[in-house]
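Results of the structural survey
One letter stands for each residue in the lines below.
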Amino acid sequence: GEDVEQSLFLSVREGDSSVINCTYTDSSSTYLYWYKQEPGAGLQLLTYIFSNMDMKQDQRLTVLLNKKDKHLSLRIADTQTGDSAIYFCAAFSGGYNKLIFGAGTRLAVHP
Amino acid sequence: EADIYQTPRYLVIGTGKKITLECSQTMGHDKMYWYQQDPGMELHLIHYSYGVNSTEKGDLSSESTVSRIRTEHFPLTLESARPSHTSQYLCASSLQGAGEQYFGPGTRLTVT
């Protein structure tokens, strides 16, 4: 069935760029999303990209989509301690009419 | 900012008790969802609803039940809580046919 995979951990130094990667299996996915979850909270929608786009930039966030390889990435420029959280990638499968989440990448930002 | 609310935020109860977790949204969304998530772990869809009087089981088997009598309200009930139900429960909603889901703050349940 459909699947979304992410690496589980990423550690970066404050001020550096972070790149979180995600792969998905359903080629009919129309929208791809990035959510952020801080400790003890729900998920917050960060950004999304439509499947006919290659890149989307929103302030410090850049989303890159390689539809051929079914690979999605989230780049956070000038990473700050407040960016420490779990980041979930999600793919909306139009065929199944459901949102499939990855297991989440825990980003740790250190001085 | 998403207008989706969950109560209580934290709950500690004894084994065998019946509990209802509340979820309400004011966005007029047709679809609503319940996820179970152990701290820092992946999300598991346990129930969802396409609209009033529609409820479906999710990907993860759950001993809980849900109801959808009103568009804005989607409560989850555990008839007899057990320690294995200890987890965080997240409610979400979305427009029909849309992927982006808006999440509530979650209810952290501990069953002793």
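The preceding data block contains the structure.
This section reports on the structure supplied with the text. Within any chain, residue numbers begin from 1 and follow the written order of that chain's sequence. Labels follow written order: the first chain is A, the first ligand is 1, and so on. Per-residue local features of the predicted model are confined to residues with pLDDT of at least 70, and side-chain atom pairs are confined, for both listing and counting, to 80 or more; whole-chain, interface and lining totals are unaffected and use all residues. Hydrogens and water are ignored here; the side-chain numbers use all heavy atoms of the structure.

Turning our eyes to something else, we now look at the overall build of chain B. Only DSSP runs of H or I covering at least 4 residues are called helices, and only runs of E covering at least 2 are called strands; the numbering of each starts at the N terminus. Each helix and strand in chain B was counted, giving zero helices and 11 strands. Element order for chain B, N to C, with α for helix and β for strand: β-β-β-β-β-β-β-β-β-β-β. At 13 Å, chain B has a C-alpha radius of gyration in line with the 13 Å of a compact globule built from 112 residues. With the principal axes as the frame, chain B shows a C-alpha extent of 40 × 30 × 25 Å. When burial is assessed residue by residue, chain B has 46% of its 112 residues classed as buried. Where accessible areas are quoted, they stem from the Shrake-Rupley method and a 1.4 Å probe; at the residue level, only the protein chains shown are allowed to cover. Of the roughly 5300 Å² of accessible surface on chain B, 51% is carried by carbon and sulfur atoms. When we talk radius of gyration, it's over C-alpha atoms, and the globule rule is simply 2.2 Å times the number of residues to the 0.38. Per-residue accessibility, obtained with a 1.4 Å probe over protein chains only, is compared with the maximum for each type, and a residue is labelled buried under 20%, exposed over 50%, and partly exposed between these values.

Each helix and strand counted, chain A has zero helices and 11 strands in total. In sequence order, chain A lays out its α and β elements as β-β-β-β-β-β-β-β-β-β-β. For chain A, whose C-alpha radius of gyration is 13 Å, the value lies close to the compact-globule estimate of 13 Å for 111 residues. Counting only C-alpha atoms, chain A reaches 45 × 30 × 20 Å along its principal axes. For chain A, the proportion of its 111 residues judged to be buried stands at 42%. We call two residues in contact whenever any of their non-hydrogen atoms come within 4.5 Å of each other. Long-range pairs, those at least 24 residues apart, make up 56% of the contacts in chain A with a sequence separation of at least 6. Of the roughly 5400 Å² of accessible surface on chain A, a fraction of 49% belongs to carbon and sulfur atoms.

At the interface, 21 residues of chain B touch 18 residues of chain A. We define buried area as the total accessible area lost by two parts upon association, computed with a 1.4 Å probe and summed across both. Roughly 1500 Å² of surface becomes buried between chain B and chain A when both sides are summed, with 50% attributable to carbon and sulfur atoms. Summed over the three residues of chain B that lose the most area to chain A, namely Gly99, Glu100 and Phe103 of chain B, the buried surface amounts to 28% of that side. Salt bridges, as used here, are contacts in which a Lys or Arg side-chain nitrogen is within 4 Å of a carboxyl oxygen on Asp or Glu. The interface formed by chain B and chain A holds one salt bridge in total. For Asp59 of chain B, the salt bridge is made with Lys98 of chain A, and the minimal N-O distance between the two is 3.3 Å. By the criterion applied in these results, polar contacts are pairs of N or O atoms within 3.5 Å in which, for protein atoms, one can donate a hydrogen and the other can accept it, and in which residues neighboring in sequence qualify only through two side-chain atoms. Seen at the junction of chain B and chain A, the total is six residue pairs in polar contact (both at pLDDT 80 or more). Of all the secondary structure elements, the ones that give two or more residues to the side of chain B that touches chain A are β4 (31–37) and β9 (87–94) of chain B. With three residues, the top contributor of residues to the side of chain B that touches chain A is β4 of chain B.

Another point: the sheet that holds strand β1 (residues 4–7) of chain B. Residues and elements named next belong to chain B. Between any two strands, pairing holds if DSSP finds at least two bridges. Pairing is antiparallel across the open sheet formed by four strands, whose spatial order is β1-β3-β8-β7. Among the strands making up the open sheet, the edge pair consists of β1 and β7 (65–66). Inspection of the sheet shows β7 paired to strand β8 (residues 76–78) by two bridges, in the antiparallel sense. Bridge pairing links Val66 to Leu76 in β8.

Attention now goes to the side chain of His85 of chain B. Residues and elements named next belong to chain B. Tracing the sequence through the fold places His85 in the loop between β8 and β9. Using a relative accessible area of 8% as the deciding quantity, one classes His85 as buried. Apart from residues lying up to four places away in sequence, His85 is in contact with Glu63, Leu78, Ser80, Leu109 and Val111.

Coordinates in, geometry out; function isn't part of it.
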